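# Secondary and tertiary structure notes
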Amino acid sequence: GLSGRLSESIGNLTFMTELDLSDNDIKASIPTELGKLSNLIYLRLSYNAFTGTAPEGLSEMKGLQLLQLQSNRITKMPTIPRLNDIIHGHSTFVADCGVPSAFDEALECDNCTMCCNAD
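Sequence order as written defines the numbering, with residues in each chain counted from 1. Local features are withheld for residues below a pLDDT of 70 in this predicted model, meaning they are given only at 70 or higher, and side-chain atom pairs are given and counted only at 80 or more; totals for whole chains, interfaces and linings count all residues. Each side-chain value is worked out from all heavy atoms of the structure, with water and hydrogens disregarded.

### Topic: the overall build of the protein chain
In DSSP terms, a helix is any run of H or I states spanning at least four residues, a strand is any run of E spanning at least two, and both are numbered starting from the N terminus. Secondary structure assignment for the protein chain yields 1 helix and 8 strands. Exposed residues in this analysis have more than 50% of their type's maximum accessible area, buried residues have under 20%, and partly exposed residues fall in between, with area computed by a 1.4 Å probe over protein chains only. Within the protein chain, buried positions represent 41% of all 119 residues. Residue contacts are counted whenever heavy atoms from the two residues lie within 4.5 Å of one another. When contacts within the protein chain are restricted to residue pairs at least 6 apart in sequence, those whose partners lie at least 24 apart make up 41%. Summing over all exposed atoms, the protein chain offers an accessible surface of approximately 6500 Å²; the carbon and sulfur share of this is 47%. Accessible surface is estimated by sampling points in the Shrake-Rupley manner with a 1.4 Å probe; for residues, cover comes only from the protein chains shown.

### Side note on the pattern of salt bridges
Only one rule defines a salt bridge in this text: a Lys or Arg side-chain nitrogen within 4 Å of an Asp or Glu carboxyl oxygen. According to the stated counting rule, one finds 1 salt bridge in the structure shown. Put simply, Lys27 and Asp25 hold a salt bridge, and the shortest N to O gap is 2.5 Å. A relative accessible area of 38% places Lys27 in the partly exposed class.

### Digging into the environment of Gly63
With respect to the helices and strands, Gly63 occurs in the loop between strand 5 (49-53) and strand 6 (66-68). Looking at Gly63, the relative accessible area reads 28%, which means it is partly exposed. Distance in space between the C-alpha atoms of Gly63 and Tyr42 is 8.8 Å, their sequence separation being 21 residues. Those residues in contact with Gly63 that lie beyond four places of it in its chain are Leu40 and Ile41.

### Describing the nonpolar core
Counting 22 residues, the largest nonpolar core has Leu34, Leu43 and Leu58 as the members making the most contacts within it. Each residue touching Leu34, except ones within four places of it in the same chain, is listed here: Ile10, Leu19, Leu43, Leu45, Leu58 and Met61. For this analysis, a nonpolar core means a set of buried residues of the types Ala, Val, Leu, Ile, Met, Phe, Trp, Tyr and Cys, connected via side-chain atoms within 4.5 Å.

### What about the sheet that holds strand 5?
Here the rule is simple: two strands pair whenever DSSP picks up at least two bridges between them. Strand order across the open sheet formed by 4 strands is 1-3-5-7, with parallel pairing between neighbours. The open sheet terminates on both sides in strands that have one partner only, identified here as strand 1 (3-5) and strand 7 (73-76). Neighbouring strand axes in the sheet, compared pairwise and without regard to direction, differ in orientation by 20° on average. Of the pairings in the sheet, the one linking strand 3 (residues 25-28) to strand 5 comprises 2 bridges and is parallel in character. Bridged to Lys27 within strand 5 is Ala49. Note on definitions: angles span 0 to 180 degrees between N-to-C directions of axes, and those axes are lines fitted to C-alpha atoms, for helices only across the stretch in contact.

### A short note on the side chain of Ser59
Tracing the backbone shows Ser59 in the loop between strand 5 and strand 6. In protein, a polar contact means a hydrogen-donor-capable atom and an acceptor-capable atom, both N or O and within 3.5 Å, with residues adjacent in sequence counting only if both atoms are side-chain atoms; elsewhere, any N or O pair within 3.5 Å suffices. A polar contact is formed between the side chain of Ser59 and the backbone oxygen of Glu56, at a distance of 2.7 Å.

### Here we look at the confidence of the model for the protein chain
The quantity known as pLDDT measures the predictor's confidence residue by residue, on a range of 0 to 100. On average, residues of the protein chain score 79 in pLDDT, and 67% of them reach the 70 mark or higher. Within the protein chain, no element has a lower average pLDDT than strand 8 (residues 93-94), which sits at 56, and none a higher one than strand 2 (residues 18-20), at 96.

### Brief notes about unusual backbone geometry
Positioned with a positive phi, Asp23 is a non-glycine residue whose angle comes to about 60°. Along the chain, Asp23 turns up in the loop between strand 2 and strand 3. For Ala28, which is not a glycine, the phi torsion comes out positive at approximately 80°. Looking at the secondary structure, you find Ala28 in strand 3. The exposure class of Ala28 is partly exposed, given its relative accessible area of 21%.

In structure tokens form, the structure reads like this:
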């Protein structure tokens, strides 16, 4: 699989409608430039090693229908009500605090839809 960091130049791929980089070893934070991908419908970044805050720009992606960020170390999510309202319950808006066995300390995440590390 892929490893390293996701480049800020990802924001130049504005024509892209689907991005699936799940199940890799991509580290660091999710670049804010990802919010420039206004044509994205499906975004899957689950099962990586992303850390920190998910970009606010995700909430401005009007066409986004599926967002999967589970099994990373995301500590804060932007509020994206249309994903929760339209298709919640079908694992379409999923973010959590990471795989419990992979990290020593549990995280708490604002606006995450599930947290497998919660007490």
